[in-house]
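Single-letter residue listing:
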Amino acid sequence: MEKVLAGQTVQVDQEGYLIDPNQWNEEIARAIAAEEGIELTPRHMAVVKWIRETALSGKPLSIRTVKKSGVVDIKEFYQLFPGGPLKLSTKIAGVSKPKSCL
Amino acid sequence: MMASHLSKKLNKEWEIILVDKDEVHYYQPGFLFIPFDMYKEKDVVKCKPDLLPKSVHYIPSKIDRILPEENKVLLEDRVLNYDILIIATGCQIAPEEVEGMKGPLWHKDIFDFYTFQGAVALRDKLRTWKGGKLVIHITEMPIKCPVAPLEFAFLADDYFKKRKMRNKVEIYYVTPLSGAFTKPVSSEKLGYLLKEKGIKMVTDFAIERVDNENKKIIDYGDREVDFDLLVTVPTNMGDECIARSGMGDDLNFVPTDPHTLQSKEYENVFVIGDATDIPASKAGSVAHFEAEILTENILRYIEGKELLPAFDGHANCFIESGNGKALLIDFNYNVEPVEGKFPIPGLGPLALLKESKLNHWGKLAFRWIYWNMLLKGIPIPFVSATMSEKGKKLN
């Protein structure tokens, strides 16, 4: 469905994740983050950009892979994106929610 | 299963060798029933050599490592050369991956039921446990048999009701997932069952460590859940020989093509069951469906033909829900578990994503099917290797 974020019209799924990652830009990231109650600092943005690059290159995303990459330690990850850091950071990064397989 | 299938299809030019460090073969779905005294130890154990076709050469040995560049497998005392390798080394629990999990309380107040020893130790504990806070917990995904922790919760509710002590027990279900399950339709249905049985859920819990002294589990967001008795599913990892061989990912699972089951790196290596990294469930039914397709692809590989990318991630699982009932789910890579009839559209007789007594009997009958049909490579009538969309309530 359509949604207006930062004055731009984008396509999102039922949970608010961008359907087309190419519609993303930093302003949209800030708008999504604001909806989740997060104000993006440069530190947030650095992690969001890593998440985006990793997801778009087809590599799997999990707490384990984030930990191993060293981009952020998991405690800080939870502080930056409280509640569900993988769910939140991927939404803000304009990529799909990580698939948990059954 | 692959030894059984291939022994019927390959000609005498081929020698089939099966290497396995365990002479004992466990019926793993039975581990769920042992803590509740529903199965005895002998119900889940058979001797491996008895299960194999006579033409298969069985070598009871630990595997040191695979040398895929040289087509060799190093055992403890010898080297085996291969033309084709099928990796079926499965996955096992690794409680030491979480700080404090395998500490002083391990198998005293903290238990697994994913090993024979763990299930038996938990049975002994439950027999004399006087009640308190029971926390059922999943460390991280993927795990084999993803429905088992839910089944455990449902059966625990039953167990304490039968012993007239349900009011003395608080049952919590703690999961890293955002709901009772990963897909929306089944997550709602199973979440509802948890609620109906008075089982409280804590979601999005990514465990960081276990505090043995204060009997708490703590997540990376500093949330705490205290317990009197913790039944956990620790991190599931592939076999260590895969790590020693340099062939696995972070969790020791082997990169595998999700549709052909060929290794992504070595064309004469194939992988089946829990040892793969494919996004299908780690479940016995998946290995069974894979076996049919993998057999076809091994034959094609031998004949120099193109492999068939036929595997669709098909999985089929019974979920014990207590009180003599169970649900059945049937799904694949693209279709989540939904309601319907199985295996015959319209007729069933088994109901999908609904509790029924017939499903429970199906789960119990499955043990016979496992030993006498699946392991022997005999297909189950009406149940195809790829999932059927017929008879399902799809959107």
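A short tour of the structure in this document, coming up. Throughout, residues of each chain are indexed from 1 in the direction in which the sequence is written. The naming scheme follows written order: chains are lettered A onward, ligands numbered 1 onward. Given that the model is predicted, a residue must reach a pLDDT of at least 70 before its local features are reported, and side-chain atom pairs must reach 80 or more before they are shown or counted; all residues, however, enter totals for whole chains, interfaces and linings.

This part is about the overall build of chain B. Under the DSSP-based scheme used, a helix requires at least four consecutive residues in state H or I and a strand at least two consecutive residues in state E, with every element numbered from the N terminus. Of regular secondary structure, chain B possesses eight helices and 23 strands. C-alpha atoms of chain B, sized along the principal axes, occupy 65 × 50 × 40 Å. To sort residues by burial, count the other C-beta atoms lying within 10 Å of each one's C-beta; a count of 20 or more means buried, 12 or fewer means exposed, and anything in between means partly exposed. C-beta atoms are built from the backbone. Buried residues in chain B amount to 41% of all 395 residues. If you take every contact in chain B between residues at least 6 apart in sequence, the share linking residues at least 24 apart comes to 64%. With C-beta atoms placed from the backbone, a contact is any residue pair whose C-beta atoms sit within 7 Å.

A word on the sheet that holds strand β14 (residues 207-211) of chain B. Residue and element names in this part refer to chain B. Pairing between strands requires that DSSP locate at least two bridges from one strand to the other. Strand order in the open sheet formed by three strands is β14-β15-β16, and the pairing between neighbours is antiparallel. Looking at the sheet topology across the chains shown, the edges are occupied by β14 and β16 (224-226). Across the sheet, the mean angle separating the axes of adjacent strands is 20 degrees when strand polarity is ignored. Two elements, β14 and strand β15 (residues 216-219), share four bridges in a ladder whose sense is antiparallel. Within the sheet, the bridge partner assigned to V210 lies in β15 and is I217. In this description, a line fitted to the C-alpha atoms serves as the axis of each element, helices being fitted only across the stretch in contact, and the angle between N-to-C directions of two axes falls anywhere from 0 to 180 degrees.

Residues and elements named next belong to chain B. Taken in spatial order, the three strands of this open sheet run β5-β6-β7, and their pairing is antiparallel. Strands with a single pairing partner mark the edges of an open sheet, and in this sheet they are β5 (63-67) and β7 (79-81). With strand direction ignored, the average angle separating the axes of adjacent strands in the sheet is 20 degrees. Inspection of the sheet shows β5 paired to strand β6 (residues 72-75) by four bridges, in the antiparallel sense. Its bridge partner being in β6, L67 is matched across the sheet by K72.

Let us look at helix α1 (residues 2-9) of chain B. All names here are of chain B. Of all the residues in α1, the buried ones are M2, A3, H5 and L6. Axial view of α1: buried residues confined to an arc of 160 degrees, hence all on one face. Of the surrounding elements, those touching the buried residues of α1 are β1 (17-20), β8 (85-87) and α7 (284-302). The directions from the helix axis to the C-beta atoms are what the arc is built from.

In this section: the pairing of strand β22 (residues 340-344) of chain B. Taking burial as the measure, the five residues of β22(B) include four buried ones, the bulk of the element. Where β22(B) hands over to strand β23 (residues 348-352) of chain B, the hairpin turn is made up of three residues, of which G346(B) adopts a positive phi near 85 degrees.

This part is about the interface of chain A and chain B. Many structure descriptions define interface size as the accessible area lost when the parts assemble. Counting residues at the interface gives 15 residues for chain A, matched by 17 residues for chain B. Where the side of chain A that touches chain B is concerned, the elements lending two or more residues are α3 (63-69) and α4 (74-80) of chain A. A total of four residues in the side of chain A that touches chain B trace back to one element, the largest contributor, which is α3(A). Asp, Glu, Lys and Arg are counted as charged, while Ala, Val, Leu, Ile, Met, Phe, Trp, Tyr, Cys and Pro are counted as nonpolar; the rest, among them Gly, fall into the polar class. Residue classes in the side of chain A that touches chain B are distributed as six nonpolar, four polar and five charged.

Here the focus is the packing of α1(B) against α7(B). Residue and element names in this part refer to chain B. Two numbers describe how α1 lies on α7: the axes approach to 10 Å, and their chain directions differ by 40 degrees. As judged from the angle between their axes, α1 and α7 are oblique. Taken as a pair, α1 and α7 cross one another with a handedness that is right-handed. Counting all contacts with α1, which are made through M2, H5, L6 and K9, the residues of α7 involved are A291, L294, T295, I298 and L299. Within the contact of α1 with α7, the residues separate by chemical class into six nonpolar, two polar and one charged. In these notes the angle categories are as follows: under 35 degrees is roughly parallel, over 145 is roughly antiparallel, 65 to 115 is roughly perpendicular, and the rest is oblique. Note on convention: the crossing is left-handed when the near helix lies turned anticlockwise from the far helix by less than a right angle, right-handed when the turn is clockwise.

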